[in-house]
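So you can see what is in the structure, the chains are spelled out below.
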Amino acid sequence: MLPDRHAALRQAPQTASCTVRLLFLTQYFPPEMGAPQARLSELGEQLIDRCWDVRCLTSLPNYPTGAVFEGYDPANPASMLVGRIPTVRVPLYTAKHGFVRRLRCYLSFARSAATHGLKMCERPNVLFVESPPLFIGFAARRLARAWRCPYVFNVSDLWPESAIRMGVIRRGLLSHCIERLELSFYRNAAAVTGQSDEIIESIRARAPAVKTQVITNGVDPARFGRHLADSSAKRMLGDAPGPVFIYAGLLGLAQGLDQLLDLAAALPPSAPGRLVLLGDGPMREHLANRIRSEPLERVTLLPAIPRERVPAMLAAADAAIVSLGVRLPGAVPSKIYEAMASSLPILFIGEGEASSRILDRGCGLVVPPGDAAGLRGAFVKLATNPQLRADLGARGRAAAESKYNRAQIAARLDGFLRSLL
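This report concerns the structure included in the present document.

Rules and cut-offs
Residues numbered from 1 in each chain as written. Predicted model: local features only at pLDDT ≥ 70, side-chain atom pairs only at ≥ 80, totals over all residues. Heavy atoms only, no water. Helix = DSSP H or I, 4+ residues; strand = E, 2+ residues; numbered from the N terminus. Rg over C-alpha atoms; globule rule 2.2 N^0.38 Å. Buried < 20%, exposed > 50% of the residue type's maximum accessible area, 1.4 Å probe, protein only. Contact = heavy atoms within 4.5 Å. Areas by Shrake-Rupley, 256 points an atom, 1.4 Å probe, with all protein chains shown as cover. Phe/Tyr/Trp six-rings, centres within 6.5 Å; stacked < 30°, edge-to-face > 60°. Lys NZ or Arg CZ within 6 Å of the ring centre and 35° of its normal. Core = buried A, V, L, I, M, F, W, Y, C linked by side-chain atoms within 4.5 Å.

1. Things to note about the overall build of the protein chain
What the protein chain contains, in helices and strands, is 15 helices and 14 strands. Radius of gyration (C-alpha) of the protein chain: 21 Å, near the 22 Å computed for a compact globule of 421 residues. Principal-axis analysis of the C-alpha atoms gives the protein chain an extent of 65 × 50 × 40 Å. Of all 421 residues assigned to the protein chain, the portion counted as buried reaches 57%. Long-range pairs, those at least 24 residues apart, make up 75% of the contacts in the protein chain between residues at least 6 apart in sequence. Surface exposure of the protein chain reaches about 17,000 Å², of which carbon and sulfur atoms provide 52%.

Here is the structure:
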């Protein structure tokens, strides 16, 4: 049931001493599942505890299905509380497949956010903008100018570079125009934050005058742990012999999930272990067809579950498997932090900064994309060695409690944002 659509923002459950207002501008926010949704909502809760008056301007929930969730009017904005965060949700053109349709989706949200935001949101002291999608920068500039407030551009993935590497667009006139637009958003921002060193180094090289800061993704260790495994999670994973390697997240193009099915098909009969894929996304139907037609008895495909059930599913598994199909500069999947906090060893298919973080903390095995033999060997090594799994998992938990603890990351962001006031 939805709250009164226009009352929630006037009933912010935040103390009177919280006089500094921060507005998140993001296309993605709970109840949707995904990395930016979890990161922003959890950071918002942490910043509320640090005496920020945190609000959010976002879209009507529709990701990743491409259809507005049941209970919302697709044609009208709504106001509600997400946790303790007063949230304005605005309509947009929804799309699941196709570059042109997704582009229309992004642009429609930027227009809708700028229009409804000025009417329904109070002026913030700082506007914190989540990119991608890059085109959200149009709304950020319009709102920041109207409110005469600074905006911080938070970059989770470099765009259009990531889109080029995934084959969504080609290098040429279009990509050149988008790159110029990207730089204009950075240069007009009061500051730019990014989730990885690679992202910030790229931005500093192209926009050296802009103030920048690395704000990594992370996790709340208190929400995860082996003790959270329950009978419901174990039933969902099934009672076939393990160990169970779980992938929990978006079933998307960038993840290269065909590699996991190829792995399952290539494992020798004598090797133990099986895979569970949990989530939704544009590749789900393709993966389901492969699992059914080949058939791949070692792979189970489960539907997306509520966010609060993910810790129990991870706790019930024996290892986490995280995959990227191509090298995306600066990309660090949030799944690795949740695996760390769950004391799960990580089998990571990828390169770049994500692989470095796993190897530096000694919490998993890393294989480059396309190395089928290396992946098979790493899987068998983990599947046949419970002590290795335990050692890697323990190191991951230690990293989650120290280096990637969400509370410490929020403290760093708090200090950085206050330096802009």
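Don't stop here, the text continues.
2. So, the packing of aromatic side chains
Applying the stated criterion across every chain, the model contains ten aromatic pairs. A ring pair is formed by phenylalanine 135 and phenylalanine 138, whose centres lie 6.4 Å apart and whose planes are at 15°; its orientation type is stacked. A relative accessible area of 35% means that phenylalanine 138 is categorised as partly exposed. Aromatic pair tyrosine 337 and tyrosine 404: ring centres 4.9 Å apart, planes at 55°, arrangement tilted. Here tyrosine 404 lies in the loop between helix H14 (386-401) and helix H15 (406-418) and tyrosine 337 lies in helix H11 (residues 335-341), a separation of 67 residues in the sequence. Judged on exposure class, the residue tyrosine 337 and its partner tyrosine 404 are both buried. An aromatic cluster is present here, built from Phe135, Phe138, Tyr151, Phe153, Trp159, Phe185 and Tyr186 joined pairwise through their rings. Of note, arginine 104 hangs over the ring of tyrosine 93, and the distance from its end group to the ring centre comes to 3.8 Å.

3. Let's talk about the nonpolar core
Inside soluble globular proteins, nonpolar side chains tend to come together where they are buried. In terms of nonpolar packing, the biggest core is built from 46 residues, with Leu25, Leu57, Leu127, Tyr151 and Phe153 touching the most fellow members. Among residues more than four places away in sequence, those in contact with leucine 57 are Leu23, Phe24, Leu25, Thr26, Val88, Val90, Phe109, Ala113, Gly117, Cys121 and Leu143. The next biggest cluster of nonpolar side chains, apart from the first, holds 38 residues, and it includes Ile246, Val310, Ala320 and Phe348.

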